[in-house]
Amino acid sequence: MPRSAYAVSTTHNITTIVRLVEAVLDGPVPLIVDGARKLSDCATATRYPNDTGVVPAGEHERGVELARAVLDWARSVVDG
């Protein structure tokens, strides 16, 4: 498997991931992707529910919609 020309880092922080993507693309991401930064709080709440509480249903649904939109955008970038 070919090695990437980019350094690889491991994180669950969406803001960090968006910054890394912007650096690779050499420019800003679409607003929908930038909005994904909000998903870090939801991810933490669902990953560690006893520590941070529960994500309300409306927020959960919006988070899923946002994640799907980001995934669609990412696929379009990768597929060219």
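Residues numbered from 1 in each chain as written. Predicted model: local features only at pLDDT ≥ 70, side-chain atom pairs only at ≥ 80, totals over all residues. Heavy atoms only, no water.

Peer 1: Mind showing me how you'd approach the overall build of the protein here?
Peer 2: From N to C terminus, the protein includes 5 helices and 0 strands. The N-to-C order of helical and strand elements in the protein reads α-α-α-α-α. Evaluated residue by residue, the protein yields a buried proportion of 20% over its 80 residues. For the protein, the computed accessible surface area is about 6,400 Å², with 57% contributed by carbon and sulfur atoms. (Helix = DSSP H or I, 4+ residues; strand = E, 2+ residues; numbered from the N terminus. Buried < 20%, exposed > 50% of the residue type's maximum accessible area, 1.4 Å probe, protein only. Areas by Shrake-Rupley, 256 points an atom, 1.4 Å probe, with all protein chains shown as cover.)

Peer 1: Can you help me understand unusual backbone geometry in this one?
Peer 2: With the exception of glycine, most residues fall at negative phi, and the peptide bonds are largely trans. A positive phi angle, near 60°, is found at Asp26, a position not held by glycine. Of note, Asp26 is situated in the loop between α1 (14-25) and α2 (31-34). With a relative accessible area of 72%, Asp26 lands in the exposed category.

Peer 1: Explanation requested: a nonpolar patch on the surface in the structure shown.
Peer 2: Residues Val24, Leu25 and Val77 make up a contiguous nonpolar surface patch of about 220 Å² in total accessible area. Turning to its location among the elements, Leu25 is positioned in helix α1. (Patch = residues over 30% accessible without salt bridge, like charges linked within 9 Å, V, L, I, M, F, W, Y side chains within 5 Å. Salt bridge = Lys/Arg side-chain N within 4 Å of Asp/Glu carboxyl O.)

Peer 1: Could you clarify how one ought to interpret the confidence of the model for the protein in this entry?
Peer 2: Any region with low pLDDT has predicted coordinates that should not be read closely. Averaged over every residue, the pLDDT of the protein is 78; residues scoring 70 or more account for 82%. Mean pLDDT across the secondary structure elements of the protein bottoms out at helix α4 (residues 49-52), with 64, and peaks at helix α5 (residues 57-79), with 86. (pLDDT = per-residue confidence, 0-100.)

Peer 1: Looking at this structure, I do not really get the pattern of salt bridges. What am I missing?
Peer 2: Opposite charge on two side chains allows them to pair when their charged atoms are near. Inspection of every chain in the model, using the stated rule, returns 1 salt bridge. Residue Glu65 is joined to Arg62 by a salt bridge in which the shortest nitrogen-to-oxygen separation is 3.7 Å. With Glu65 and Arg62 both in helix α5, this residue pair falls 3 residues apart, about one helical turn. Arg62 sits in the partly exposed class, given a relative accessible area of 45%.

Peer 1: Where do I start with α1 in this structure?
Peer 2: Residues that lie three or four places apart on an α-helix share one face, since the helix turns once every 3.6 residues. With 12 residues, α1 should cover 16 Å at 1.5 Å per step; its first-to-last C-alpha distance of 16 Å lies within 8% of that length. Listed as buried for α1 are Ile14, Thr15 and Val18. The arc that holds every buried residue of α1, seen down its axis, measures 105°, which confines them to one face. In this structure, α1 carries Arg19 and Ala23 as exposed residues pointing more than 90 degrees from its buried face. (Expected span 1.5 Å × (residues − 1). Arc of directions from axis to C-beta.)

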